[in-house]
Amino acid sequence: MLVRPYGDVHAEQVEMEGAEGVSKRVLAGPEENAPNFVMRLFELEAGGRTPHHTHDWEHEVFVIDGEGYAESTEGRRGLTPGTAVYVAPDEPHGFVNTGDSVLRFICVVPRMD
C-alpha cells in the first residue's frame, strides 16, 4: 500500500496547446505499479483552463477545491467542491477556473501503456 501526502508528488506544468495555468501530479500510476488506472491531481490557477479536447478513453473527475465549470457539447456545468464528473470516451470537454483561488480536482483515467 502506498500512502503519502499529495504535496510530496512533483507537480508538472501541462504543456498542451490551449492549456493556461494548469499543473498535474500523478498520484498513482505506472511508477507506483498501479495495474489498471492512473490517478492524477490537476490544479488550475485563477483564470486557468485546460484546452477543449477529446480522446478515446473515459475519465472520472472529483472536485476538491475552488470553482469553475466543465464545458462540453451540452454547455457549461458548474464545478464546486464535492462535484463529481464523468467524461465519456470521445466527448469534447474542457475545464475552466472562474474563481479567485486554485481549482483542484482528482482525475482518474485508464492506464494506457
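Residues numbered from 1 in each chain as written. Predicted model: local features only at pLDDT ≥ 70, side-chain atom pairs only at ≥ 80, totals over all residues. Heavy atoms only, no water.

(A) Up close: the pattern of salt bridges. Under the definition given, this model contains six salt bridges. Residues Glu-32 and Arg-4 are paired through a salt bridge, measuring 3.2 Å at the closest nitrogen-oxygen approach. Here Arg-4 lies in the segment before β1 (12–13) and Glu-32 lies in the loop between β2 (20–28) and β3 (37–49), a separation of 28 residues in the sequence. Note on Arg-4: relative accessible area 34%, which makes it partly exposed. Ionic contacts of the salt-bridge type, sharing partners, join the residues Arg-25, Glu-43, Asp-65 and Arg-104 into one network. (Salt bridge = Lys/Arg side-chain N within 4 Å of Asp/Glu carboxyl O. Helix = DSSP H or I, 4+ residues; strand = E, 2+ residues; numbered from the N terminus. Buried < 20%, exposed > 50% of the residue type's maximum accessible area, 1.4 Å probe, protein only.)

(B) Fine view of the pairing of strand β4 (residues 59–65). Both β4 and strand β7 (residues 84–87) contribute to a ladder of four bridges, which runs antiparallel. The partner of Phe-62 across the bridge, within β7, is Ala-84. As judged from the five bridges shared by β4 and strand β9 (residues 103–110), these two strands associate in the antiparallel manner. Opposite Asp-65, over in β9, you have Arg-104 as the bridge partner. (Pairing = 2+ DSSP bridges.)

(C) Just the nonpolar core, in detail. Residues Leu-44, Leu-79, Phe-95 and Phe-105 are the most contacted members of the largest nonpolar core, which totals 15 residues. Where this core is concerned, the elements lending two or more residues are β3, β4, β7 and β9. Element by element, the count of residues in this core is highest for β9, at four residues. What Leu-79 contacts, discounting residues up to four positions off in sequence, is Val-63, Gly-66, Glu-67, Gly-68, Tyr-69, Ala-70, Val-85, Phe-95 and Leu-103. (Core = buried A, V, L, I, M, F, W, Y, C linked by side-chain atoms within 4.5 Å. Contact = heavy atoms within 4.5 Å.)

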